[in-house]
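# Structural overview for review
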Amino acid sequence: MKLFKKQNLVMIISLLLWITVTLIRVFNHSPWYDEAHAWTIAEQLNLFEIIRLMRLEGHTFIWYLLLMPFAKTNFMYPYSMLLLNWIFCFIAILILWLKSPFNNWIKFLISFSFPFLAMYPVVARCYAIGIMLLFMLAAMDNKKLEHPNWYALLLVVCANTSIMAGVGAFALGIKFLYEMIKEKKFFLSSVVISLFGAVLVLVQLLNSQNSVIFHKTIGLQMFNTLFINGLGVFNLICFCIFVILLLIFYLRNKIFPGVLIITYIGLCLIFNHYIGGYWHHFFFYVYFIISCWLILDKTGENPIRLKHIPIFILIAVSLLYLFFKPDKEMFDVVWKNDYTNISKNILSDENLKNARIILYRTYDNAMMPYLSGKGIKLINYCTGNLADYNNRAYFLSDYCAIDTQGNQLIVFKESIIDKWFNDSLYLFTTKKIQAEFMSFHSKKYKYSVYKDFGSIYLWKVDKIK
């Protein structure tokens, strides 16, 4: 009967509502390029090749490893990938409800904030599994010296899910080492395990190069994601108030928030070179949750004074995130893209059964897992070769480049058409370059719109007779 106490009833109702909403979103989600790209890497490469590739991807290998059994057997794409990611996020939410020191209302607000309702459980990337492991580490914090090897192993796995989670694993690892020294309980095996994990991360990311444009500023885009995008002055005022209140709380309790400081410095260093997306920026929120969790969950120590301050800030930020909306451009790319239906449309068209389709941008590679093994050849315009896991040419090649504003520049080369031309050659473009192709004067080829997918055209390429 204890299960049906009021507080547990709130948890059960909240979890059932969360499961219903997120699963509806999952089953209606069309994976965008980043999601499909991870699947393609897992499908085409072995584990050692994946580890070598991470230097260029800017990630670590665990998510790709988990996708391999599904990708190599082409099992139920995209649902196997989406549900795998959803399970990790659900476990994270379950740990939050069962193990965190917050009351039910705070747990509810966190669970139904934009990151945990619309981002991490729906968009299948490498981040949900990292958050799950971070929550496991937070839940285990008070007992980590009783199970040091398990804790160290969790740190290693967490660090190898993504750089964003790796920042937290590093901070928690420093805290782990400090408490071992403080309590005079030095576990050599745990240190060895942790060092092995650090070396494994360095092997993957040493001399890391990202395939997209770098930025030398954190920028308003990242800052506005912390609260509500588009409200810069409001965000700045909130930020200043929260910082002042937190300083009062930490000074009053003589607490040094090591995990929060290390993770925030790490994130700022990352964003000083790479502007990132919402899924990266939300880790400021994730690490604030974890920092509050660790402080409020202290046992056997002096009582925490003014604990209502971090609770108030956590409630305020979570409330703001209930109403968070991504900007239209990002929303259209990540949540509203239609590559699932476009791919199904292509596969159902008898005229396209053995087609060759030239792609000129990375986003369109989201079709690759759907069309793989179906007789349709996707061609990377930027290399002139068949499209595969390697996306770097879309940003820097003889035919494609990125300018300083992040815009894609395309140089039309008729030699690519010559190389791949047959009676079933097509070209996949956005409408934005419609005028360029329609005004292109060729003595050999003509281009006519074969299918209109809204913002995207599929052109038929024919020889001029």
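Residues numbered from 1 in each chain as written. Predicted model: local features only at pLDDT ≥ 70, side-chain atom pairs only at ≥ 80, totals over all residues. Heavy atoms only, no water.

### A short note on helix α2 (residues 33–44)
Threshold: Strands here mean DSSP runs of E at least two residues long; helices mean DSSP runs of H or I at least four residues long; both are numbered from the N terminus. What a helix is expected to span follows from its residue count: subtract one and scale by 1.5 Å. Accessibility here uses a 1.4 Å probe with only protein chains present; expressed as a share of the type maximum, an area under 20% marks a residue as buried, one over 50% as exposed, and anything in between as partly exposed.
With 12 residues, α2 ought to run about 16 Å at 1.5 Å a step, and its terminal C-alpha atoms sit 16 Å apart, in line with that. Of all 12 residues in α2, 9 are buried, a share of seventy percent or more. Listed as buried for α2 are Tyr33, Glu35, Ala36, His37, Ala38, Trp39, Thr40, Ile41 and Ala42.

### Looking at the pairing of strand β1 (residues 356–359)
The test is simple: Strand pairing is assigned whenever DSSP identifies at least 2 bridges connecting the two strands.
Direction of pairing for β1 relative to strand β2 (residues 377–380): parallel, over a ladder of 4 bridges. Residue Arg356 lies in a different strand from β2, and its bridge partner there is Lys377. Here β1 pairs with strand β6 (residues 425–430) via 4 bridges, running parallel. Looking at β6, one finds that Arg356 is bridged to Leu425.

### What to know about the packing of aromatic side chains
For clarity, the threshold we go by: Aromatic pairs are defined between Phe, Tyr and Trp rings, using the six-membered ring for Trp, whenever the two ring centres lie within 6.5 Å; interplanar angles under 30 degrees are classed as stacked, those over 60 as edge-to-face, and all others as tilted. For a lysine, the NZ atom is tested; for an arginine, the CZ atom; a charge sits over a ring if that atom is within 6 Å of the ring centre and within 35 degrees of the ring normal.
Summed over all chains, the structure comprises 38 aromatic pairs. With a centroid separation of 6.3 Å and an interplanar angle of 15 degrees, the aromatic rings of Phe331 and Trp335 are classed as stacked. On the accessibility criterion, Phe331 (34% relative accessible area) is partly exposed. The positively charged end of Lys144 is found above the aromatic ring belonging to Tyr151, 5.9 Å away from the centroid. Cation over ring: Lys460 sits above Tyr426, and NZ or CZ is 5.4 Å from the ring centre.

### Some details on the side chain of Lys144
So the rule is basically this: Residue contacts follow a heavy-atom distance rule, with two residues in contact if any of their heavy atoms lie within 4.5 Å.
Of note, Lys144 is situated in the loop between α8 (127–139) and α9 (148–159). Beyond its immediate sequence surroundings of up to four residues, Lys144 is in contact with Tyr151, Lys175, Phe176 and Glu179.

### Observations regarding the pattern of salt bridges
Inclusion rule: Counted as salt bridges are all cases of a side-chain nitrogen of Lys or Arg within 4 Å of a carboxyl oxygen of Asp or Glu.
Tallied over the entire structure, the rule returns 11 salt bridges. For Lys451, the salt bridge identified is with Asp349, shortest N-O distance 3.1 Å. Remark: Asp349 occurs in the loop between α19 (339–347) and β1 and Lys451 occurs in strand β7 (residues 445–452); sequence separation between them is 102 residues. For the residue pair Lys451 and Asp349, the accessibility class agrees, reading buried in each case.

### What about a nonpolar patch on the surface?
Filter applied, for reference: What goes into a patch is any residue over 30% in relative accessible area without a salt bridge, connected to like charges within 9 Å or, for nonpolar side chains (Val, Leu, Ile, Met, Phe, Trp, Tyr), within 5 Å. Accessible areas in this description were obtained via Shrake-Rupley with a 1.4 Å probe; residue shielding takes into account the shown protein chains only.
A cluster of nonpolar side chains, contributed by Leu177, Ile181, Phe186, Leu188 and Val192, occupies part of the molecular surface with about 500 Å² of accessible area. Elements supplying a minimum of two residues to the nonpolar patch: α10 (163–182) and α11 (188–205). Inspection of the secondary structure assignment puts Leu177 in helix α10.

### Regarding the side chain of Ser162
Operational definition: Here a polar contact is recorded for every N or O atom pair within 3.5 Å, except that within protein the pair must consist of a potential hydrogen donor and a potential acceptor, and residues adjacent in sequence are included only if both atoms are side-chain atoms.
Tracing the backbone shows Ser162 in the loop between α9 and α10. Side-chain polar atoms of Ser162 contact the backbone nitrogen of Ala165, separated by 3.1 Å. When sequence neighbours within four positions are dropped, the list of residues in contact with Ser162 reads Thr60, Cys126 and Tyr127.

### Some thoughts on the confidence of the model for the protein
Applied cut-off: Confidence of the predictor in every single residue is expressed as pLDDT, which spans 0 to 100.
Looking at the protein as a whole, its pLDDT mean stands at 86, while 87% of the residues score no less than 70. Low pLDDT, under 50, characterises residues 211–224; the stretch is placed with 43 contacts to residues that sit more than four places away or in other chains.

### With respect to the sheet that holds β7
For sheets, the rule is that strands pair by backbone hydrogen bonds, running either parallel or antiparallel. One open sheet accounts for 6 strands, arranged β3-β2-β1-β6-β8-β7; its pairing is mixed. A single partner strand is all that each edge strand has here, and the edge strands are β3 (385–386) and β7. Across 7 bridges, the pairing between β7 and strand β8 (residues 456–463) is antiparallel. Bridged to Asp452 within β8 is Tyr457.

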